[in-house]
Structure formats: C-alpha cells, structure tokens
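As a plain string of letters, each chain reads:
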Amino acid sequence: MPKERIAIDMDEVIADAVHRFTDWYHRDFNVLLTPEHLHGKRLLEAVAPENQKHLRQYLDTVGFFEDLPVMPDSQEVLQRLSERYELFIATAAMGFPLSFSEKFNWLRQHFDFIPTSHVVFCGDKSIINADYLIDDHAYNFKDFRGEGILFTSHHNVHETRYRRVNSWLEVAELFGV
C-alpha cells in the first residue's frame, strides 16, 4: 500500500527567511522589525515605502538563502513523518534563480533524510501530486488537489479558509507522529 504524500514548503515553514530579512533590514536601515510590526502584514507592508525596493533585492542577493535558521522542531518532526509518509519539499524558487543552489545545499545540510529526488523547485505548486501541502501562503492551495494546511506566519494570521498549524509540534500531533 503506497504511503500518503506530504509536500512541504521551505521558506517560513522549515527555513526562517523572515529572520534573515529582519536582520539585514536592521543592518541596512537601523530599524528593528518586531513581531508586532509584522503581525498581519507582508514584509513590504511593514517597511517604509522608500525601502521596499531594497528589501525586494535581498532575494536576489548571493547568500540570502545560504544559512537560514531552521524552524523549531521541523527536523525532528519531518524525520518522524518520513517513516510513515512520503515527503516532498516544494519550494517556489523560479522567481529567484540565485536561490537554487543555496536552497538545495541548505536542504542537504539540514534535511538529508529527504531524497534529492523529492525536492521540487517550482512556480505553481498545483503541479505537486500530494495528499497534503503544508505552506504559509494560502494562494498555493487554490488549484492544489490535496488538502492545504496553512503554517502560521506573520502575514497569514487573518486567513481563515484552511486548516492551520502554528508549529511543527502541532504538525506532529495532526499526523500522529
């Protein structure tokens, strides 16, 4: 009997990209973006309009994705999930070509138990054939055929259309691992 499949987004689900954004923004503008500043907003909405272009450029900067912090408990929970489910990493990297090697290397370093054949760099996640997709962006669930599970992030706190998890411990509980 085939295992059920779980696709997992990378940024803001297993990799803490907001940490990098806020660190670099503080470095460049001496402004500390706190969780209160970000609550319910996309990053661009939380910064001064004249700094938005600079913030967007971070994604095209060598090193941005290189050594992002790992989201708490994600490694342990995904390791346990991999024993009962077929796991795929589905990351929207098409808009940021410099991110490919950094994201791939980051995954090999922190999630080496997920086979490289199960890493999908894509734009439209509806192409993913999985039973579940854990993602922080609800728009990725629009044409996804399985169940979308929203991983809480600062920008999606007001989204109510999908089942939500607030941590990897909640993911473990949801999937019984």
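As shown above, the structure is provided for reference.
Residues numbered from 1 in each chain as written. Predicted model: local features only at pLDDT ≥ 70, side-chain atom pairs only at ≥ 80, totals over all residues. Heavy atoms only, no water.

**Details of helix H7 (residues 168-175)**
So, point 1. All of the buried residues in H7 are Trp168, Val171, Ala172 and Phe175. Down the axis of H7, the sector holding all buried residues measures 100 degrees, keeping them to one side. Of the exposed residues in H7, the ones pointing more than 90 degrees away from its buried face are Leu169 and Glu173.
So, point 2. Along its buried surface, H7 packs onto strand S1 (5-8), helix H5 (74-84), strand S4 (132-135), strand S5 (147-151) and strand S6 (163-165).
So, point 3. The distance from a side-chain oxygen at the start of H7 to the backbone nitrogen of Leu169 is 3.3 Å, and the residue carrying that oxygen is Ser167.
So, point 4. Gly176, located one to two residues past H7, shows a positive phi value of around 65 degrees. (Buried < 20%, exposed > 50% of the residue type's maximum accessible area, 1.4 Å probe, protein only. Helix = DSSP H or I, 4+ residues; strand = E, 2+ residues; numbered from the N terminus. Arc of directions from axis to C-beta. Contact = heavy atoms within 4.5 Å. Polar contact = N/O pair within 3.5 Å; in protein donor to acceptor, adjacent residues only side chain to side chain.)

**Things to note about the environment of Asp28**
So, point 1. With respect to the helices and strands, Asp28 occurs in helix H1 (residues 17-29).
So, point 2. For Asp28 and Asp9, which are 19 residues apart along the polypeptide, the C-alpha to C-alpha distance reads 28 Å.
So, point 3. Of note is the side chain of Asp28, whose polar atom sits 2.7 Å from the side chain of Tyr58.

**Focus on the pairing of S1**
Regular strands show a simple pattern: their side chains alternate between the two faces of the sheet.
So, point 1. When S1 meets strand S2 (residues 86-92), the two strands line up parallel, connected through four bridges. Within S2, the position partnered with Ile8 by the bridge is Ile89.
So, point 2. Sheet topology note: the S1/S4 ladder contains three bridges and is parallel. Across the sheet, the residue bridging to Ile8 is Ile134, located in S4. (Pairing = 2+ DSSP bridges.)

**So, the side chain of Ser74**
So, point 1. The residue Ser74 is located in helix H5 in this model.
So, point 2. From its side chain, Ser74 meets the backbone oxygen of Met71 in a polar contact 2.8 Å long.

**Some words on the packing of aromatic side chains**
Between two aromatic rings, the relevant description is the distance of the centres plus the angle of the planes.
So, point 1. In total, this model carries 13 aromatic pairs according to the counting rule given.
So, point 2. Between Trp24 and Phe64, the aromatic rings sit 5.4 Å apart at their centres with planes inclined by 85 degrees, giving edge-to-face as the arrangement. One end of the pair, Trp24, is in helix H1; the other, Phe64, is in the loop between helix H4 (52-57) and H5, and 40 residues separate them in sequence.
So, point 3. Classification of Trp24 by relative accessible area gives buried; the value is 14%.
So, point 4. With 5.0 Å between their ring centres and 85 degrees between their planes, Tyr132 and Phe175 make a pair best called edge-to-face. Here the residue Tyr132 occupies a position in strand S4, and Phe175 occupies one in helix H7, the gap between them amounting to 43 residues. Here the two residues Tyr132 and Phe175 agree in accessibility, since each one is buried.
So, point 5. Within the aromatic cluster, the residues linked to one another by ring pairs are Phe21, Trp24, Tyr58, Phe64 and Phe65. (Phe/Tyr/Trp six-rings, centres within 6.5 Å; stacked < 30°, edge-to-face > 60°.)

**A short note on the packing of H5 against H7**
So, point 1. Between H5 and H7, whose axes approach to 9 Å, the crossing angle comes to 20 degrees. The pairing of H5 with H7 is recorded here as roughly parallel in orientation. For H5 against H7, the interelement crossing comes out left-handed. Across the interface between the two elements, Ser74, Val77, Leu78, Arg80, Leu81 and Arg84 from H5 touch Trp168, Val171, Ala172 and Phe175 from H7.
So, point 2. Looking at the contact of H5 with H7, its residues break down into seven nonpolar, one polar and two charged. (Axes fitted to C-alpha atoms, helices over the stretch in contact; angles between N-to-C directions. Parallel < 35°, antiparallel > 145°, perpendicular 65-115°, else oblique. Left-handed = near helix turned anticlockwise from the far one by under 90°. Nonpolar A, V, L, I, M, F, W, Y, C, P; charged D, E, K, R; others polar.)

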